[in-house]
Amino acid sequence: MKKILQTATAVTLSLGVLAACGEGNNDNTTDNAGSNQGNGNNASENNEEQGPLVVGASNVPHAEILEFAQPLLEEEGVELEIVSFNDYVLPNEALAEGELDANYFQHVPYLESQIEEHGYDFVNAGGIHIEPIGIYSQDYSSLDELPEGAEIIMSSSVADHGRILMMLEDEGLITLAEGAGVEATINDIEDNPNNFEFSDNVEAALLPTAYENNEGDAVLINSNYALDAGLNPLEDAIATEDADADNPYVNVIAVNSGDEDDERVTALIDVLRSEEVRDYILETYDNSVVPVSE
């Protein structure tokens, strides 16, 4: 295992145990399996010849979703190997180095920013879910209670700044320059009636720690890190981002250009979008993670 993957934890799970989680496949999965049998299992044999599909993922919810999907994917002849990461940098480095076949941790604007910044030859192979950002506070139970000059702590990930600021604008707390949109920065704030102070120098993975330590009046935390820290976005956040169909922050499967047509990758996308996996996401995360259809 190369250097990048040595920093991550490979998730090894018994497929026999996971098979119990995957009982009761939906009609699509059954139809696909029947189709493979009708073709002499050619697709399965081809997938097996290519070896395991190695996918890097954030611990929660991405790796957990992949773990649930693992036995379903095995039925399609694809062996899935999951490598767990706890940051936003290494999964793309490992993918670029060829140590991963795909990764599953990032939303579209972040993927696009990384491609532009690092010159990665990545493509979006398909969207799977949305993780609404939550606003958390130790001292206040609603946004209306935030005092004059409150410190708002947000991710240092520039790709999330527009998302966060648009959320605060939707809540009526600030006004952004016209047309700023998803690329908005703090400099695009035109009206800040409560004179909030914004701190944007905290790594996303450390936001739950900032909240637990009460380092600001409000902390905006990505749902994957909130869940990983034992927070329930629906119960613990004082406000959450809308996860409607127009939300551009869909978490995707990213691959190196040309690999989007790999049969193992397309099988992974199909399984992750299956009714059984969608139901698992909704039942497990109770709308803190919202599946998408495309």
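Source: prediction; values computed, not measured. (Residues numbered from 1 in each chain as written. Predicted model: local features only at pLDDT ≥ 70, side-chain atom pairs only at ≥ 80, totals over all residues. Heavy atoms only, no water.)

Right, let's talk about the overall build of the protein chain for a bit. On a plain count of helices and strands, the protein chain comes out with 13 helices and 14 strands. Across the 294 residues in the protein chain, those meeting the buried criterion constitute 51%. The contacts of the protein chain with a sequence gap of at least 6 include a subset with a gap of at least 24, amounting to 77%. When the accessible surface of the protein chain is totalled, it reaches about 13300 Å², and 40% of it is carbon and sulfur. (Helix = DSSP H or I, 4+ residues; strand = E, 2+ residues; numbered from the N terminus. Buried < 20%, exposed > 50% of the residue type's maximum accessible area, 1.4 Å probe, protein only. Contact = heavy atoms within 4.5 Å. Areas by Shrake-Rupley, 256 points an atom, 1.4 Å probe, with all protein chains shown as cover.)

On to helix 13 (residues 275-285), then. Residues of helix 13 that are buried: E276, V277, Y280, I281 and Y285. On an axial view of helix 13, the arc spanned by its buried residues comes to 140 degrees, and they lie on one face. (Arc of directions from axis to C-beta.)

To continue, consider a negative patch on the surface. Residues D144, E145, D170, E171, D242, D244 and D246 make up a contiguous surface patch of negative charge. By the element assignment, D246 lies in the loop between strand 12 (239-240) and strand 13 (250-256). A relative accessible area of 70% means that D246 is categorised as exposed. (Patch = residues over 30% accessible without salt bridge, like charges linked within 9 Å, V, L, I, M, F, W, Y side chains within 5 Å. Salt bridge = Lys/Arg side-chain N within 4 Å of Asp/Glu carboxyl O. Lys, Arg positive; Asp, Glu negative; His and termini not counted. Charge placed at Lys NZ, Arg CZ, Asp CG, Glu CD.)

Turning our eyes to something else, we now look at the pairing of strand 11 (residues 218-221). The alternating pattern of strand 11 places A218 and L220 on one face and V219 and I221 on the opposite face, and all of these are buried. Two strands pair when backbone bridges link them, and strand 6 (residues 134-136) and strand 11 are joined in this way by three bridges, in the antiparallel orientation. What sits directly across from Y136, in strand 11, is V219. Note: strand 7 (residues 151-155) against strand 11, two bridges, orientation parallel. For I152, the partnering residue across the bridge sits in strand 11 and is A218. (Pairing = 2+ DSSP bridges.)

On to the nonpolar core. Counting residues in each nonpolar core, the largest one holds 31 residues, and the members touching the most others are L66, I253, L272 and V277. Broken down by element, this core gets its largest block of residues, eight residues, from helix 5 (residues 59-75). In contact with I253, not counting residues within four places along its chain, are A102, N103, Y104, V123, N124, A125, G126, I128, L268, I269 and L272. Of all hydrophobic cores here, the second largest spans 23 residues; its members include I152, I164, L173 and A180. (Core = buried A, V, L, I, M, F, W, Y, C linked by side-chain atoms within 4.5 Å.)

The next thing to look at is the environment of Y110. Mapping Y110 onto the fold places it in helix 7 (residues 108-118). For Y110 and S157, which are 47 residues apart along the polypeptide, the C-alpha to C-alpha distance reads 8.2 Å. With residues near it in sequence (within four places) discarded, Y110 still touches Y88, V89, N92, F105, S157 and A159.

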